[in-house]
Amino acid sequence: MKTSNLCKRKLSLKSLSLTNKAFGFLLSTATAEILLRKSTQRVIDILGEVGGTCYRTGVYSLIEMFSVLGSFNMAKFVIEKTERRLSFYSILIREMCKRCDFQGARDVMNEMRKAGCNPSPQTYNYIISSLLKNGKNNDAYELFLKMKESNCPPDALTFEIFIYNFCREGKLDVAFKFFDEEVARGLEPRLSTHAAFIKGLFNSQQYEEAYKYVLGSDDKRLSCVNYSLLASLHQKRGNVAAAEYILSEMMKKSLRPHFNLYMRVLKHLQKSGRKRLAAELQEKFLQLDLGA
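Residues numbered from 1 in each chain as written. Predicted model: local features only at pLDDT ≥ 70, side-chain atom pairs only at ≥ 80, totals over all residues. Heavy atoms only, no water.

(A) Representation of the pattern of salt bridges in the model. Taken as a whole and assessed by the stated rule, the structure comprises 11 salt bridges. A salt bridge links Glu-64 to Arg-94; its shortest N-O distance comes to 3.4 Å. Of this pair, Glu-64 sits in helix α4 (residues 52-68) while Arg-94 sits in helix α6 (residues 86-98), placing them 30 residues apart in sequence. For Arg-94, a relative accessible area of 22% corresponds to the partly exposed category. In this structure, the salt-bridge partner of Glu-181 is Arg-185, at a minimum N-O distance of 3.3 Å. Look at the salt bridges and you will find they share partners, linking Glu-64, Arg-94, Glu-95 and Lys-98 into a network. (Salt bridge = Lys/Arg side-chain N within 4 Å of Asp/Glu carboxyl O. Helix = DSSP H or I, 4+ residues; strand = E, 2+ residues; numbered from the N terminus. Buried < 20%, exposed > 50% of the residue type's maximum accessible area, 1.4 Å probe, protein only.)

This is the structure in structure tokens:
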């Protein structure tokens, strides 16, 4: 594996980005781990000499290649020989979670702390999300508690992950408890968090509660998004009269519905013979345009 200085300079000047496909040869040239480590070390040395984008993307891709293959010891070897960076450890955690090796992912977090590379909220969020997707709600909540104890405050996405999961499961009372804690911490719920509640209430056939939730929106942009979402859910369910009512209600508040949604509801009304409602809805939309 010889690389001339001229070749190294060209690689550096071109700022080439490397993917894990660039290192596939390592797997075929080194059958024993001790040989693989030696070959990998040589590659790391060359990347270090080249520097720049080649080094950054090359190291990342090496770690990614070994992690995808399940060779986590080799991935850790690359980290030890280069940098103990959060983004590098995140690759291992991501692949371990894909394999449902949640204990392995938590062990990596412990290794990170010992190396002085503290996990971020994103690190916790990925593992928590993976645990919930696999029905391990208790384990996810336990990790949530450890997150708060580890001087790593949960962010808005952390709460949304739990809220989305419990809304999907129909456990809206639990979801609202997480929402209350999020607000108490001074965090601003994301638009998708509100969408999770609206969908959760709608899917559990609590239509009136979903409507009241939308009415509680005090921000204009949020109100527009929430009204449009609820109207869309009714339209897709075939409740065109309810969809028309919600669109009319929002337009009375000078809120503009999504044009595609407005057109779908309008055409549905026209095709179902509700010409009067269609004409009234069209008139309200035109008035909204005139008032703009």
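(B) Highlighting the packing of helix α13 (residues 207-215) against helix α14 (residues 220-237). Across the interface, α13 lies against α14 with an axial gap of 9 Å and an inter-helix angle of 155 degrees. Compared by their axis directions, α13 and α14 come out roughly antiparallel. Crossing handedness for the pair α13 and α14: left-handed. Residue-level contacts link Tyr-207, Ala-210, Tyr-211, Val-214 and Leu-215 of α13 to Asn-226, Tyr-227, Leu-230, His-234 and Arg-237 of α14. For the contact of α13 with α14, the per-class residue count stands at seven nonpolar, two polar and one charged. (Axes fitted to C-alpha atoms, helices over the stretch in contact; angles between N-to-C directions. Parallel < 35°, antiparallel > 145°, perpendicular 65-115°, else oblique. Left-handed = near helix turned anticlockwise from the far one by under 90°. Contact = heavy atoms within 4.5 Å. Nonpolar A, V, L, I, M, F, W, Y, C, P; charged D, E, K, R; others polar.)

(C) Molecular detail of unusual backbone geometry. We note that Gln-205 has phi near 65 degrees; this positive angle belongs to a residue other than glycine. For Gln-205, the position within the fold is in the loop between α12 (191-203) and α13. Accessibility expressed as a relative area gives 58% for Gln-205, which makes it exposed. Of note, the phi angle at Ser-254 is positive, near 65 degrees, even though the residue is not glycine. Tracing the backbone shows Ser-254 in the loop between α15 (240-252) and α16 (259-271). Note on Ser-254: relative accessible area 47%, which makes it partly exposed.

(D) Expanded view of the packing of aromatic side chains. Here the structure, examined in full by the defined rule, presents 17 aromatic pairs. When the centroid spacing of 6.0 Å and the interplanar angle of 50 degrees are considered together, the rings of Phe-259 and Phe-285 count as tilted. Separated by 26 residues along the polypeptide, Phe-259 in helix α16 and Phe-285 in helix α17 (residues 275-291) bring together distant segments of the chain. Residue class for Phe-285 comes out buried when judged on its relative accessible area of 5%. Counting every residue linked through ring pairs, the aromatic cluster contains Tyr-141, Phe-144, Phe-159, Phe-162, Phe-166 and Phe-178. Note that Arg-85 overlies the ring of Phe-88, its terminal NZ or CZ placed 5.0 Å from the centroid. (Phe/Tyr/Trp six-rings, centres within 6.5 Å; stacked < 30°, edge-to-face > 60°. Lys NZ or Arg CZ within 6 Å of the ring centre and 35° of its normal.)

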